[in-house]
Amino acid sequence: MKVLVLSSNNGSGHNSAGRALMEQMNLAGIECEMKDALAFRSRRVSNMIRSVHVNSALHAPWLFKVGNGVACRHRRGKSLCYHLNSGLSGAICRYVQRGGFDTILCTHVFPALAVSHARQHGRLDAQLYYISTDYDSTPHVGETCMDGYFIPHPLLVGAYVENGVPADRIYPTGIPISEKFSHRTDRTAAREQLGLPTQGTIALFMGGSMGFGRVKSLVARMLRAGPEDLLAVVLVGNNQELYEDLAEKYRFTKVLPVSYTDQVNTYMDAADILFTKPGGLSSTEAAAKGIPLVHTDPIPGWETDNAAFFQRLGLCRTGKKNRDFVQDALELLYSSDQRQEMLRCQRENINPHAAADIFQIVRSKCMR
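This is a predicted model, so every value here is computed, not measured.

## Section: the sheet that holds strand β3 (residues 103-106)
The strands making up a sheet are joined through hydrogen bonds of the backbone, oriented either antiparallel or parallel.
Part 1 of the reasoning: With parallel pairing, six strands are arranged side by side in an open sheet as β2-β1-β3-β4-β5-β6. Every other strand in the sheet has two partners, leaving β2 (31-36) and β6 (170-171) as the edge strands with one partner each.
Part 2 of the reasoning: Strands in contact with helix α1 (residues 12-27) are β1 (2-7), β2, β3 and β4 (127-131); relative to β2, the strand with the most contacts, it is inclined by about 170°.
Part 3 of the reasoning: Contacting β3, β4, β5 (148-150) and β6, helix α16 (residues 354-366) crosses the sheet at an angle of about 165° to β4.

Here you go:
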């Protein structure tokens, strides 16, 4: 068994899911590799699409709503998205053949469309699997031809079937996340490890790798309304402008901005409340950790669906404005009953070991 994970750089969650799957394969001694599918066209094209994705999210998020709406309305024939990604299939096939890969895991619909095109034209002989990273039925997934579809929750099976996915190929395992999110470190120990105050209340703010959302005004409102001993820790991702603005305004006193870090799991352990945009991966990681969760502004489209799904099952609180988010956070901070009920819902609905479960299913099918 030799596995190729195909991801896409337009959104860090797809890469995180791929790394979680590779973590499991490495533990089992399975040879594996992860590639950015868009780079099979060219690195320049991949970087351009990533730049468009980031800049649209930061400056024109309404474009995602429009694009998602167009994708969801497509019903007949092969879509433009299918035809655009079919152009990747030749280069992917050649790489698969040279590398001797027999199993391909796709954490984004773009590579799933590309390998499906190759299979439908008899150019690819490998096991193909799709892994969803959002709590909705992915647009265009019905145009793919995969051996298995790993989706976030049993309640989404009907939506995938309606979208054209065969019911007997759907596995509601959950979204794959790193095993480090499956257990908690003692809060005091986590704070000591990060050099944070061991006493007082810590609110953690996350805007994804791009630092999306109205973070500065949300932090200011929370500082005004929250407890006197509140420290706001803001993970700004790659948004250097946000880092500099917060550092200049607060001088690292009541607000601590943190540049891109690989210790997100430890920051979650250290915090009393988490504000985050509703990305599929980050939301799953938070719920697996078991932390009171407030979903802030979504990128319109799939993140709107993520927030709605989490709120429906009691996994988060959310609203429309910053004052709603702060009010939700204060209720969770001051009400033990509300906190415990949310954590109970998270435990019942989120599988922290989805990556291991997906790997076991894929390996068992490959051994038949």
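## Things to note about a positive patch on the surface
Part 1 of the reasoning: Where like charges cluster on the molecular surface, the positive patch consists of R221, R224, K249, K321 and R323.
Part 2 of the reasoning: Mapped onto the elements of the fold, K321 is located in the loop between β12 (317-318) and α14 (322-334).
Part 3 of the reasoning: Among the residues examined, K321 registers a relative accessible area of 43% and is labelled partly exposed.

## Structural notes on the pairing of strand β7 (residues 201-206)
Part 1 of the reasoning: In terms of burial, β7 is a largely internal element, six of the six residues being buried.
Part 2 of the reasoning: Here β7 shows no split at all, with T201, A203 and F205 on one side and I202, L204 and M206 on the other all buried.
Part 3 of the reasoning: Of the pairings in the sheet, the one linking β7 to strand β8 (residues 230-237) comprises six bridges and is parallel in character. Each residue of the ladder has a partner; that of M206, found in β8, is L235.

## A closer look at the environment of D328
Part 1 of the reasoning: In this fold, D328 is placed in helix α14.
Part 2 of the reasoning: Note on D328: relative accessible area 11%, which makes it buried.
Part 3 of the reasoning: Expressed as a C-alpha distance, the spacing of D328 and V294, which sit 34 residues apart in the sequence, is 7.0 Å.
Part 4 of the reasoning: The residues contacting D328, other than those within four sequence positions of it, are V294, R317, T318 and G319.

## As for the pairing of β3
Part 1 of the reasoning: Side chains of β3 alternate between two faces, with T103 and L105 and I104 and C106 buried alike.
Part 2 of the reasoning: Inspection of the sheet shows β1 paired to β3 by four bridges, in the parallel sense. Considered in β3, the bridge of L6 is made with C106.
Part 3 of the reasoning: As paired elements, β3 and β4 share four bridges and run parallel to each other. Along β4, the bridge assignment pairs L105 with Y129.
Part 4 of the reasoning: A crossover connection joins β3 to the parallel β4 through helix α6 (residues 109-120); in handedness this β-α-β unit is right-handed.

## Quick word on helix α12 (residues 280-289)
Part 1 of the reasoning: The buried fraction of α12 is high, at ten of ten residues.
Part 2 of the reasoning: Along α12, the residues that are buried comprise G280, L281, S282, S283, T284, E285, A286, A287, A288 and K289.
Part 3 of the reasoning: Looking one or two residues past α12, G290 carries a phi angle of roughly 85°, positive in sign.

## Notes on the sheet that holds strand β10 (residues 273-276)
Part 1 of the reasoning: Taken in spatial order, the six strands make up an open sheet running β9-β8-β7-β10-β11-β12, and their pairing is parallel. Bordering the open sheet on either side are β9 (255-259) and β12, each of which pairs with just one other strand.
Part 2 of the reasoning: Examined bridge by bridge, β10 and strand β11 (residues 293-295) share three bridges and lie parallel to one another. If you follow T276 over to β11, its bridge partner there is H295.
Part 3 of the reasoning: Contacting β7, β8, β9 and β10, helix α9 (residues 215-225) runs over the sheet at an angle of about 170° to β8.

## Here's the deal with the packing of aromatic side chains
Part 1 of the reasoning: Per the stated rule, a full pass over the model turns up nine aromatic pairs.
Part 2 of the reasoning: Measuring from centroid to centroid gives 5.4 Å for Y135 and F309, while their planes differ by 25°, and the two rings are stacked. Linking Y135 in the loop between β4 and β5 with F309 in helix α13 (residues 302-312), this pair joins segments that are 174 residues apart in sequence.
Part 3 of the reasoning: Exposure remark for Y135: the relative accessible area of 3% places this residue in the buried category.
Part 4 of the reasoning: The rings of F40, Y95 and F101 are connected pair by pair, giving a single aromatic cluster.
Part 5 of the reasoning: Note that K2 overlies the ring of F101, its terminal NZ or CZ placed 4.9 Å from the centroid.
Part 6 of the reasoning: We note K78 situated over the ring of Y82; from NZ or CZ to the ring centre the distance is 4.6 Å.

## So, the side chain of D134
Part 1 of the reasoning: Turning to its location among the elements, D134 is positioned in the loop between β4 and β5.
Part 2 of the reasoning: For the buried residue D134, which engages in no salt bridge, the nearest side chain bearing the opposite charge is K277, 7.7 Å off.
Part 3 of the reasoning: Polar contacts involving the side chain of D134 include one to the side chain of N306, which spans 2.7 Å.
Part 4 of the reasoning: Those residues in contact with D134 that sit more than four places away from it in its chain are P152, I175, G280, W302 and N306.

About the cut-offs
- Residues numbered from 1 in each chain as written.
- Predicted model: local features only at pLDDT ≥ 70, side-chain atom pairs only at ≥ 80, totals over all residues.
- Heavy atoms only, no water.
- Pairing = 2+ DSSP bridges.
- Helix = DSSP H or I, 4+ residues; strand = E, 2+ residues; numbered from the N terminus.
- Contact = heavy atoms within 4.5 Å.
- Axes fitted to C-alpha atoms, helices over the stretch in contact; angles between N-to-C directions.
- Patch = residues over 30% accessible without salt bridge, like charges linked within 9 Å, V, L, I, M, F, W, Y side chains within 5 Å.
- Areas by Shrake-Rupley, 256 points an atom, 1.4 Å probe, with all protein chains shown as cover.
- Salt bridge = Lys/Arg side-chain N within 4 Å of Asp/Glu carboxyl O.
- Lys, Arg positive; Asp, Glu negative; His and termini not counted.
- Charge placed at Lys NZ, Arg CZ, Asp CG, Glu CD.
- Buried < 20%, exposed > 50% of the residue type's maximum accessible area, 1.4 Å probe, protein only.
- Right-handed = clockwise from strand over helix to strand, strands pointing away.
- Phe/Tyr/Trp six-rings, centres within 6.5 Å; stacked < 30°, edge-to-face > 60°.
- Lys NZ or Arg CZ within 6 Å of the ring centre and 35° of its normal.
- Polar contact = N/O pair within 3.5 Å; in protein donor to acceptor, adjacent residues only side chain to side chain.

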